[in-house]
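Residues per chain are reported as follows:
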Amino acid sequence: MVMIGSEDTTGKEGEVNSLEQDVAHDIVGNYIMVPNLNVEKVSKEFQILVGQNKLDAALSLLVNFPQTNPQHPMITFQLGYVLSLKNRLVEAQGYLEKTLQIAPAMPGVIEVLIPILNKLGQTKRVEYLIKSALLIKPENSSLTATYADLLYSTQLFESAVIHYKRAMSVNPNEIRAQANIAESLTELQRNEEALFYIDAAISRNPRSQQLRFNKAFTFFLLKKYKEGWQAYEARLSQEIDEAPKRLINIPRWKHEPLKDKTILVCSEQGVGDEIFFSAYVTKLATMAEHVIIETDPRLVSLFSRSFKHLEVYSYSRRISGNQPLYNYSWLKKCTKYPDLFVDVASLPYFLEETHQKPVTTTPHLQGDINVTKAWKDKLKEMVGKKPILGLFWRSGLYTSARKHFYPTIDLWGPILSLQNVAFLSLQFDDDSHDIMLAKQLFGAEILKAEDINLRDDLDQTASLCTALTGVIAPSTTTAHLSASVGTKTIIMDRTTTWSPTINNNQDAVIPSIQRIFPPNVDDWKWTFEKARSVVKGWLKE
C-alpha cells in the first residue's frame with residue numbers, strides 16, 4: 001500500500017487538487033509579498049509550463065528571466081518546487097530553505113519541503129519544521145495530517161490515528177487524512193475501520209486510482225479476494241508512478257474465451273512478484289492455445305525449464321523516472337504472434353481467483369536437478385549430515401522507509417540457537433558484520449555459499465534452495481524463489497500480510513510458504529518463537 005502524499009491537498013467537494021494546481025491557483029496567484037508585476041508575470045507563465053509538464057522550460061524561465069529578482073521568495077519557492085519535480089532534491093531543499101528564511105509564513109513551502117527532506121532521510125528536520133509550524137497554526141489540517149504522516153513513518157500508528165482524526169475534525173474534507181488513517185488502521189489490524197475511511201476518501205475523490213489501489217490491500221486483509229483483485233487493477237493506471245507503459249499494438253485480454261488464441265503474459269513489478277504470480281500461468285495455459293511469457297532476464301532459464309511447452313523471452317525495458325517502459329519489437333521472434341496480452345499480476349483477477357483452495361499443490365518452478373545434486377554434495381562436505389537452513393534477513397533495498405520490514409540479526413536468537421542445525425546465508429550484499437554478530441551473540445556460525453551470484457543468477461539460486469532443508473526470510477524475492485521450487489519456507493511479516501492464505505496461514509498461491517505474523521505489529525520476539533516451533537516440526541519429519 002502507498003501513503004497519499006502531502007502533495008494531495010483538498011480542493012472543492014469531490015475533487016483533489018494536485019500540487020501543480022495549488023501552486024498555480026493558490027500559492028502563485030495569491031501570495032506576493034510586495035507587488036511585483038515581473039514576478040506575477042513569470043509566475044503565471046511558470047504555472048502554465050508546469051501544468052504542461054514542461055519542467056525544463058519552467059526551470060529555464062525562472063533562471064533566465066532578466067527582470068526577475070532571484071531572491072524574491074516566490075521565485076525561490078518555484079525554483080525549489082520545479083527542482084523537486086526533476087528529482088534534484090538537494091538543490092530543491094536549498095531553495096526552499098532560503099524561501100523559509102525570507103518568508104517564513106509563506107503558504108505551501110513546508111508542504112513541498114517535507115517530502116524532499118523525507119527522501120533525503122532528514123527526519124529530525126522534518127519533525128522540527130512541522131512542530132514549529134503547528135505552534136503557529138495549530139488549526140492547520142494539512143500540517144496536522146503531515147505530522148500524522150511523520151508518526152506513521154516512524155511506526156507510531158496509534159499516535160498517527162489520533163492526529164489524522166484531529167486533522168479531520170478541523171477539516172472533514174481532508175482526503176489525505178482519510179486515506180492515510182486507513183493505512184495506520186491496517187497496520188493496527190483494524191481492517192473494517194480502515195475500509196470505512198478509505199471509502200470516505202474515495203467518495204470525495206472518486207477518480208483517484210491510488211485510493212482504489214490502496215483499497216485492494218484492505219480487501220485482501222478482509223479475505224474479500226474477488227473485490228480485492230478487481231481493485232488491484234488500479235495499479236496499472238497512469239496515475240500510479242510505477243505503472244508500466246507498454247509499446248504494444250495488440251489488445252489486452254478482457255475475459256473473452258482463449259480457445260484458439262495466443263496470449264502474451266507481460267512482465268511487471270519486481271522479480272519476487274513475477275515469481276509469485278507465475279504460479280497462475282499453468283492454469284492459463286489450459287485455457288489458451290498458446291502462451292508466451294515475458295519476464296526478467298534473470299528468470300528466463302528457470303521459467304523455460306518450468307514451463308516447457310510455453311515460450312519464454314526476456315523483456316526489453318527501460319526506466320523513465322519511476323515508470324518502466326516496455327518495448328515489444330522482440331515479438332517477431334515468437335512462433336506465433338499473440339492475439340491478446342495480460343499483465344502477470346492481473347491473472348488472479350481474470351482467472352476469478354477466490355482462494356478457497358491452493359492455486360497448485362506441487363512446485364510450479366523447477367531447479368536444475370544436476371545443479372541441485374552438485375550443491376547437495378558440496379553442502380554435505382561442509383556440514384556433514386546436518387539439516388541446513390537458508391537465512392535471509394535484509395532486502396537489497398534497505399532504505400529508512402523499508403528497514404522496519406526486516407528483522408536485524410540480533411533478533412534471530414530463537415533460530416540461531418537451534419542445535420544440530422547448519423545455517424547458510426542467502427544474502428547477496430555484504431553480510432560479514434551480521435555473520436560476525438551472530439557468532440558473538442549466539443555462538444552460531446552462518447556459512448557462505450561460494451562461486452554463486454545470489455542476486456543475479458536466480459536459476460542457480462533456485463537449485464541451491466532446492467538442496468536446503470528450509471528457508472527463513474521476510475517477504476523477499478529469495479523467499480518466493482525458494483518456496484516456488486518446493487523448499488519449505490517461512491516468511492516472517494511484521495504485521496498481517498495481504499497475501500492470500502488458507503489452512504492456518506499456508507500461502508494459497510505457493511503452498512510451500514508458511515506465513516508467520518504476530519498478534520501485535522512489530523512483535524518480532526513472538527514471530528521468531530513461532531518460527532522456531534515450526535522449524536522444530538520440520539526437523540522431526
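Okay, the overall build of the protein next. On a plain count of helices and strands, the protein comes out with 23 helices and 17 strands. In terms of overall dimensions, the protein has a C-alpha envelope of 80 × 60 × 45 Å along the principal axes. By the burial criterion, 53% of the 541 residues in the protein qualify as buried. Taking the intrachain contacts of the protein between residues at least 6 apart in sequence as the baseline, contacts between residues at least 24 apart amount to 65%.

Here the focus is the sheet that holds strand S7 (residues 316–320). Ordered by their spatial adjacency, three strands build an open sheet running S3-S8-S7, and the pairing between neighbours is mixed. At either margin of the open sheet sits one strand with a lone partner, and together these are strand S3 (245–247) and S7. Neighbouring strand axes in the sheet, compared pairwise and without regard to direction, differ in orientation by 25 degrees on average. Looking at chain direction, S7 and strand S8 (residues 323–327) are connected through five bridges and run antiparallel. Residue pairing for S8: Arg 318 is matched across the bridge by Leu 325.

Moving on, we come to the pairing of strand S9 (residues 340–343). Residues in a regular strand point their side chains to alternate faces of the sheet. Where burial is concerned, the two faces of S9 agree: the one with Leu 340 and Val 342 and the one with Phe 341 and Asp 343 are both buried. Where strand S4 (residues 262–266) meets S9, four bridges bridge the pair, whose relative direction is parallel. Opposite Cys 266, over in S9, you have Asp 343 as the bridge partner.

Packing of helix H3 (residues 55–64) against helix H4 (residues 73–85) brings their axes to within 10 Å, and their N-to-C directions diverge by 155 degrees. Considering their axes alone, H3 and H4 lie roughly antiparallel with respect to each other. In the crossing of H3 with H4, the sense of the turn from one axis to the other is left-handed. Facing Leu 55, Ala 58, Leu 59, Leu 62 and Val 63 of H3, the residues of H4 in contact are Ile 75, Gln 78, Leu 79, Val 82, Leu 83 and Leu 85.

Another aspect to go through is the packing of aromatic side chains. Tallied over the full model, the rule gives 28 aromatic pairs. With centroids separated by 6.3 Å and ring planes inclined at 80 degrees, the aromatic side chains of Phe 217 and Phe 220 adopt a geometry described as edge-to-face. Within this pair, Phe 217 and its partner Phe 220 are both found in helix H12 (residues 209–221), separated by three residues, close to a single helical turn. Like Phe 217, the residue Phe 220 is buried in the burial classification. Feature note: the residues Phe 213, Phe 217, Phe 220, Tyr 225, Trp 229, Tyr 232, Phe 276, Phe 277, Tyr 280 and Trp 498 constitute an aromatic cluster, connected by ring pairs.

Here we take up the nonpolar core. Counting residues in each nonpolar core, the largest one holds 132 residues, and the members touching the most others are Tyr 232, Trp 253, Ile 263, Leu 347, Leu 424 and Leu 464. Contact partners of Leu 464, with chain neighbours within four places excluded, come to Trp 375, Leu 379, Leu 424, Leu 426, Ala 449, Ile 452 and Leu 454.

A few words now on the environment of Gln 189. Within the secondary structure, Gln 189 sits in the loop between helix H10 (175–187) and helix H11 (191–204). In this structure Gln 189 comes out as partly exposed when scored by relative accessible area, which is 28%. It is 24 Å that separates the C-alpha atoms of Gln 189 and His 480, two residues lying 291 residues apart in sequence. In contact with Gln 189, other than residues within four places in its own chain, are Thr 495, Thr 496, Pro 518, Pro 519, Asn 520 and Val 521. In this structure the side chain of Gln 189 is engaged in a polar contact, spanning 3.3 Å, whose partner is the backbone oxygen of Pro 518.

Okay, the packing of H11 against H12 next. Running from N to C, H11 and H12 cross one another at 160 degrees; their axes reach a closest spacing of 10 Å. In this view, H11 runs roughly antiparallel relative to H12, as classed from their interaxial angle. Here H11 runs over H12; the crossing is left-handed. From H11, Asn 191, Ala 194, Leu 195, Ile 198, Asp 199, Ala 201 and Ile 202 reach across to H12, where they touch Leu 211, Arg 212, Asn 214, Lys 215, Thr 218, Phe 219 and Leu 221. Each residue belonging to the contact of H11 with H12 can be placed in one class, and the counts come to eight nonpolar, three polar and three charged.

Here we come to the sheet that holds S9. Ordered in space as S6-S5-S4-S9, the four strands form an open sheet in which the pairing is parallel. Every other strand in the sheet has two partners, leaving strand S6 (311–314) and S9 as the edge strands with one partner each. With direction set aside, neighbouring strand axes in the sheet form an average angle of 25 degrees. Taken together, the four bridges between strand S5 (residues 290–295) and S6 define a ladder with parallel strand orientation.

Here we take up helix H20 (residues 432–442). Listed as buried for H20 are Asp 434, Ile 435 and Ala 438. Buried residues along H20 cover an arc of 100 degrees about the axis, so they all sit on one side. Facing away from the buried side of H20 by more than 90 degrees, the exposed set consists of His 433 and Gln 440. Looking one or two residues past H20, Gly 443 carries a phi angle of roughly 65 degrees, positive in sign.

What counts as what
- Residues numbered from 1 in each chain as written.
- Predicted model: local features only at pLDDT ≥ 70, side-chain atom pairs only at ≥ 80, totals over all residues.
- Heavy atoms only, no water.
- Helix = DSSP H or I, 4+ residues; strand = E, 2+ residues; numbered from the N terminus.
- Buried < 20%, exposed > 50% of the residue type's maximum accessible area, 1.4 Å probe, protein only.
- Contact = heavy atoms within 4.5 Å.
- Pairing = 2+ DSSP bridges.
- Axes fitted to C-alpha atoms, helices over the stretch in contact; angles between N-to-C directions.
- Parallel < 35°, antiparallel > 145°, perpendicular 65-115°, else oblique.
- Left-handed = near helix turned anticlockwise from the far one by under 90°.
- Phe/Tyr/Trp six-rings, centres within 6.5 Å; stacked < 30°, edge-to-face > 60°.
- Core = buried A, V, L, I, M, F, W, Y, C linked by side-chain atoms within 4.5 Å.
- Polar contact = N/O pair within 3.5 Å; in protein donor to acceptor, adjacent residues only side chain to side chain.
- Nonpolar A, V, L, I, M, F, W, Y, C, P; charged D, E, K, R; others polar.
- Arc of directions from axis to C-beta.

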